[in-house]
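# Observations on chain architecture
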Amino acid sequence: MIENDIFKALADPTRCAIFEKLASGSMNASALRQGIEISQPAMSQHLSVLRNAKLVREERQGRFVNYEVDPDGLALIAGWLAKYRAYWPARIDALKVLLRDMDQ
């Protein structure tokens, strides 16, 4: 189930920071490492996990590789959330009623 891979990938603080940096635009691995204290091999491993989770894609330009957020991965997250969107408003309304009744 790809959703599990997505959430596992984003559960890591370093990968989450990398993903957030890529949300501002495409970058190469060296630019991504700026401000994040990890080695180049560690960055490569994190990018591999993000690519496998379909959150990041790479584009080769000559000998350089740029990484960017993969919209298909974001669509998977949005689809997963949509399944529960209809469920939560009713539950939250029921919780409000319960809390109001408890206060009285």
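Residues numbered from 1 in each chain as written. Predicted model: local features only at pLDDT ≥ 70, side-chain atom pairs only at ≥ 80, totals over all residues. Heavy atoms only, no water.

Per an unreviewed UniProt entry, the chain goes by DNA-binding transcriptional ArsR family regulator and derives from Rhizobium herbae.

## Things to note about the side chain of Arg15
The residue Arg15 is located in helix α2 (residues 13–22) in this model. No salt bridge forms around the buried Arg15; measuring N to O, its nearest opposite-charge neighbour Asp12 is 4.2 Å away. At a separation of 3.0 Å, a polar atom in the side chain of Arg15 contacts the main-chain carbonyl oxygen of Ala9. Apart from residues no more than four positions distant in its own chain, Arg15 is found in contact with Lys8, Ala9, His46, Val49 and Leu50. (Helix = DSSP H or I, 4+ residues; strand = E, 2+ residues; numbered from the N terminus. Buried < 20%, exposed > 50% of the residue type's maximum accessible area, 1.4 Å probe, protein only. Lys, Arg positive; Asp, Glu negative; His and termini not counted. Salt bridge = Lys/Arg side-chain N within 4 Å of Asp/Glu carboxyl O. Polar contact = N/O pair within 3.5 Å; in protein donor to acceptor, adjacent residues only side chain to side chain. Contact = heavy atoms within 4.5 Å.)

## Let's talk about the pairing of strand β2 (residues 56–61)
Pairing of β2 with strand β3 (residues 64–69) involves 6 bridges; the strand directions are antiparallel. Residue pairing in the sheet places Glu59 in a bridge with Asn66 of β3. Here β2 folds back onto β3 in antiparallel fashion, the turn holding 2 residues, of which Gly62 has a positive phi close to 65°. (Pairing = 2+ DSSP bridges.)

## A closer look at the sheet that holds β2
Paired through their backbone hydrogen bonds, the strands of a sheet run either parallel or antiparallel. The strand order across the open sheet formed by 3 strands is β1-β3-β2, and the pairing between neighbours is antiparallel. Here the strands that pair on one side only, and so sit at the sheet edges, are β1 (27–28) and β2. By the bridge criterion, 2 bridges tie β1 to β3 in an arrangement that is antiparallel. The partner of Met27 across the bridge, within β3, is Tyr67. On the sheet, α2 packs against β1, β2 and β3 and is oriented at approximately 90° with respect to β3. (Axes fitted to C-alpha atoms, helices over the stretch in contact; angles between N-to-C directions.)

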